[in-house]
Amino acid sequence: EHDPPVAMDEIKMLMTYALMQEKSSILQGDVVGAYLKASLGGRTMFAKLDSQVQPKEWKLKYKDPVVPLHRSWYGLEKADHDWSNERRKILTNSG
């Protein structure tokens, strides 16, 4: 179900091949906080809010508040899968 990670040797081989082609160029980019930009897929997940980020009115009202996650987080087992799906949608919609 999850996309396997790409090995650095495979990336180097692909870049070498591309540069050996006539009139070739390579464009590279990085998405800062990529996993955080991906919608969280699958079942609803919740996170406990630390007291430092809770709204003041919540501190007396709720003992251990939790909130639903809408975006993927680094460290989630499926974060790479969610980002792969998001990246695929972006690239497909871009043509």
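Our structure is the block above this text.
It should be emphasised that the depicted structure is a prediction, and the values quoted were computed from it without experimental measurement. (Residues numbered from 1 in each chain as written. Predicted model: local features only at pLDDT ≥ 70, side-chain atom pairs only at ≥ 80, totals over all residues. Heavy atoms only, no water.)

Q: How should the overall build of the protein be read in this particular structure?
A: A count of helices and strands for the protein gives four helices and two strands. Along its sequence from the N terminus, the protein presents helices and strands in the succession α-α-β-α-β-α. A compact globule built from 95 residues would reach a C-alpha radius of gyration of about 12 Å, whereas the protein, at 20 Å, exceeds it by more than 25%. Its C-alpha atoms give the protein principal-axis dimensions of roughly 70 × 25 × 25 Å. (Helix = DSSP H or I, 4+ residues; strand = E, 2+ residues; numbered from the N terminus. Rg over C-alpha atoms; globule rule 2.2 N^0.38 Å.)

Q: How should I be thinking about helix α4 (residues 79-94) in this particular structure?
A: Structurally, the α-helix is built with 3.6 residues per turn, so residues lying three or four positions apart point the same way. Between the first and last C-alpha of α4 there are 22 Å, a value that for 16 residues agrees with the 22 Å anticipated at 1.5 Å per step. Burial in α4 covers these residues: Ala 79, His 81, Asp 82, Trp 83, Ser 84 and Glu 86. Considering only its buried residues, α4 is in contact with α2 (34-37). (Expected span 1.5 Å × (residues − 1). Buried < 20%, exposed > 50% of the residue type's maximum accessible area, 1.4 Å probe, protein only. Contact = heavy atoms within 4.5 Å.)

Q: Before we go on, may I ask you to explain the packing of aromatic side chains in this structure?
A: Centre distance and the angle of the planes are the two values used to describe a pair of aromatic rings. Going through the model one piece at a time under the given rule, you end up with two aromatic pairs. Ring plane angle 25° and centroid distance 4.8 Å describe the contact between Tyr 35 and Tyr 74, whose orientation is recorded as stacked. Of this pair, Tyr 35 sits in helix α2 while Tyr 74 sits in the loop between β2 (66-68) and α4, and the two are 39 residues apart along the sequence. Summarising the aromatic geometry, the rings of Trp 58 and Tyr 62 are spaced 5.4 Å apart at their centres and angled 75° between planes, so their arrangement reads as edge-to-face. Among the residues examined, Trp 58 registers a relative accessible area of 25% and is labelled partly exposed. Note on Tyr 62: relative accessible area 38%, which makes it partly exposed. (Phe/Tyr/Trp six-rings, centres within 6.5 Å; stacked < 30°, edge-to-face > 60°.)

Q: Whenever I open this one, the environment of Asn 85 confuses me. Can you help?
A: Inspection of the secondary structure assignment puts Asn 85 in helix α4. Sequence separation of Asn 85 and Met 8 is 77 residues, and the distance between their C-alpha atoms is 21 Å.

Q: I tried to follow a nonpolar patch on the surface on my own but got confused; where do I start?
A: Residues Val 6, Met 8, Ile 11, Met 15, Leu 19 and Ile 26 make up a contiguous nonpolar surface patch of roughly 520 Å² in combined accessible area. With respect to the secondary-structure elements, Val 6 resides in the segment before α1 (8-20). (Patch = residues over 30% accessible without salt bridge, like charges linked within 9 Å, V, L, I, M, F, W, Y side chains within 5 Å. Areas by Shrake-Rupley, 256 points an atom, 1.4 Å probe, with all protein chains shown as cover. Salt bridge = Lys/Arg side-chain N within 4 Å of Asp/Glu carboxyl O.)

Q: Please clarify how α1 should be interpreted in this entry.
A: In this model, α1 (13 residues) spans 18 Å end to end at C-alpha, consistent with the 18 Å of a helix rising 1.5 Å per residue. When you tally the buried positions in α1, you get zero out of 13 residues, a small fraction of the element.

Q: Help me understand the pattern of salt bridges in this model?
A: When charged atoms on two side chains of opposite charge get close, those side chains can pair. The full count for this structure, using the stated rule, is three salt bridges. A salt bridge links Asp 82 to Lys 78; its shortest N-O distance comes to 2.9 Å. Just as Asp 82 is buried, Lys 78 falls in that class too. With a shortest N-O distance of 3.8 Å, Lys 89 and Glu 86 are connected by a salt bridge. You can see Lys 89 and its partner Glu 86 sitting in helix α4, three residues apart, about one turn around the helix.

Keep in mind that these numbers describe shape and distance, not what the molecule does.
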